[in-house]
Amino acid sequence: MTPTALITGSTSGIGLAIATAFSKLKYRLILCGRRQERLDELQQTLSRDSACYTLNFDVRDRAAVETAIATLPADWKTIDILINNAGNAHGMGPIHEGDVDDWDAMIDGNVKGLLYVTRAVAPGMVANGHGHIVNISSIAGKQTYANGGVYCASKAAVEALSEGMRLDLTQYGIKITNVAPGAVETEFSLVRFKGDEARAAKIYEGFSPLTATDIADAVVYAVTAPPHVTIADMTILASAQAAATTIHRK
Ligand code: 8X3
């Protein structure tokens, strides 16, 4: 049967690339995001290849997450694949100068939001005896860097949650894949630097960064692996990148 995939943060960046790649596989798609206009546009584009349903909510809003998933129509209720992609970096700076609103945004979105969505979707997978959860983490969850402590901590939490979910859910036939990308050129840096385009562009200067499609390719590999294979953890770096903050630029 055609799998149904729910993707958070599906209207841009890595989420959009995954939605596009899944659409080529003819998966049924539950496209989630905060911008209804973008969701509508995406639905229009992707419905050429696959059936789509949109859900407009912010993962940080616990009640909205619960309501959105609880009110899915009957023929969209069985979710085979959950892509926990929504998340972002907000601001950068030393801990003693950190903007607490930025910290809240990162912890609420990257950690609590991922948990809210998982809590709403996983019981259905347990009841069905199968499922696949893909958590989009980051190299920042494996290596902490200066001025990024809170973002790195939020992604370290994702790493721990991937392990925790695997320990709790393997017995129910649910696979967990943790994907940790390095430098991917998306609107990520623009959000991190609060719209400062020059500063964001500098991040990707002098080397070929990863594209969102590179990450989507890896996710497709994980979700199409044979039933007896779990791709547990993938770290994906740009070829010029040796570590989170070590990039060889020309
Ligand atoms: C984004 C990757 O290296 O900019 O998650 O933190 S990095």
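Structural data are supplied above this passage.
The structure reproduced in this document is the subject of the present report.

Parameters at a glance
Residues numbered from 1 in each chain as written. Predicted model: local features only at pLDDT ≥ 70, side-chain atom pairs only at ≥ 80, totals over all residues. Heavy atoms only, no water. Buried < 20%, exposed > 50% of the residue type's maximum accessible area, 1.4 Å probe, protein only. Helix = DSSP H or I, 4+ residues; strand = E, 2+ residues; numbered from the N terminus. Pairing = 2+ DSSP bridges. Right-handed = clockwise from strand over helix to strand, strands pointing away. Axes fitted to C-alpha atoms, helices over the stretch in contact; angles between N-to-C directions. Parallel < 35°, antiparallel > 145°, perpendicular 65-115°, else oblique. Left-handed = near helix turned anticlockwise from the far one by under 90°. Contact = heavy atoms within 4.5 Å. Nonpolar A, V, L, I, M, F, W, Y, C, P; charged D, E, K, R; others polar. Arc of directions from axis to C-beta. Near = heavy atom within 4 Å. Polar contact = N/O pair within 3.5 Å; in protein donor to acceptor, adjacent residues only side chain to side chain. Areas by Shrake-Rupley, 256 points an atom, 1.4 Å probe, with all protein chains shown as cover. Expected span 1.5 Å × (residues − 1). Core = buried A, V, L, I, M, F, W, Y, C linked by side-chain atoms within 4.5 Å.

1. Let's talk about the pairing of strand 2 (residues 28-33)
- A large share of strand 2 lies buried, amounting to 6 of its 6 residues.
- Of the two faces of strand 2, the one holding Arg28, Ile30 and Cys32 and the one holding Leu29, Leu31 and Gly33 are both buried throughout.
- Bridge analysis of strand 1 (residues 4-7) against strand 2 gives 4 bridges, and the strand direction is parallel. From the neighbouring strand, Ile7 faces strand 2, where its bridge partner is Leu31.
- Between the parallel elements strand 1 and strand 2, the chain passes through helix 1 (residues 13-24) in a crossover that is right-handed.
- Pairing geometry for strand 2 and strand 3 (residues 52-56), over 5 bridges, is parallel.

2. Focus: the packing of helix 3 (residues 62-70) against helix 4 (residues 100-128)
- At their nearest, the axes of helix 3 and helix 4 sit 9 Å apart, and the two run at 25° to each other. Taken together, the axis directions place helix 3 and helix 4 in an arrangement best described as roughly parallel. Handedness of the helix 3/helix 4 crossing: right-handed. Here Arg62, Val65 and Ile69 of helix 3 lie close against helix 4, whose contacting residues are Tyr116, Val117, Ala120 and Val121.
- Class assignment for the residues of the contact of helix 3 with helix 4 results in 6 nonpolar, no polar and 1 charged.

3. Concerning helix 3
- All buried positions along helix 3 are accounted for by Val65, Ala68 and Ile69. Buried positions in helix 3, seen along its axis, are confined to an arc of 90° and lie on one side of it.
- Those residues of helix 3 that are buried are in contact with strand 1, strand 3 and helix 4.

4. What to know about the side chain of Thr177
- If you trace the backbone, Thr177 turns up in strand 6 (residues 174-181).
- Note on Thr177: relative accessible area 0%, which makes it buried.
- When neighbours within four sequence positions are excluded, Thr177 is seen to be in contact with His132, Ile133, Val134, Asn135, Ala222, Ile231, Ala232 and Met234.

5. Some remarks on the site of the ligand
- In the region of the ligand, the neighbouring residues are Ser138, Ile139, Ala140, Tyr145, Tyr151, Gly182, Phe188 and Arg192.
- Within the side chain of Tyr145, a nitrogen or oxygen atom sits 2.3 Å from an oxygen atom of the ligand.
- Within the side chain of Tyr151, an N or O atom sits 2.6 Å from an oxygen atom of the ligand.
- Here the ligand has 240 Å² of accessible area as a free molecule, and 85% of this is covered by the chains.
- Residues of the shell around the ligand, tallied by class, amount to 5 nonpolar, 2 polar and 1 charged.

6. Examining helix 8 (residues 212-223)
- With 12 residues, helix 8 extends 17 Å from end C-alpha to end C-alpha; this agrees with the ideal 16 Å at 1.5 Å per step.
- Taken together, the buried positions of helix 8 are occupied by Ala212, Ile215, Ala216, Ala218, Val219, Val220, Ala222 and Val223.
- Looking at the buried side of helix 8, the elements it contacts are helix 1, strand 4 (81-84), strand 5 (131-136), strand 6 and strand 7 (233-236).

7. Considering the nonpolar core
- Among the nonpolar cores identified, the biggest contains 38 residues, and Ile18, Phe22, Leu29, Ile83 and Val219 are the most heavily contacted of them.
- With 8 residues, helix 8 is the single largest residue contributor to this core.
- In this structure Ile18 touches Ile7, Ile83, Ile136, Ala216 and Val219, once residues within four positions along its chain are discounted.

8. A look at the environment of Asp168
- In this fold, Asp168 is placed in helix 5 (residues 149-169).
- Among the residues examined, Asp168 registers a relative accessible area of 49% and is labelled partly exposed.
- Expressed as a C-alpha distance, the spacing of Asp168 and Tyr53, which sit 115 residues apart in the sequence, is 29 Å.

9. Description of the pairing of strand 6
- With 8 of 8 residues buried, strand 6 lies mostly within the body of the structure.
- Of the two faces of strand 6, the one holding Ile174, Ile176, Asn178 and Ala180 and the one holding Lys175, Thr177, Val179 and Pro181 are both buried throughout.
- Handedness of the crossover is the feature at issue here: the chain leaves strand 5, passes through helix 5, returns alongside strand 6, and the resulting connection is right-handed.
- Pairing analysis gives 4 bridges linking strand 6 to strand 7, with the strands arranged parallel. Bridge pairing links Asn178 to Asp233 in strand 7.

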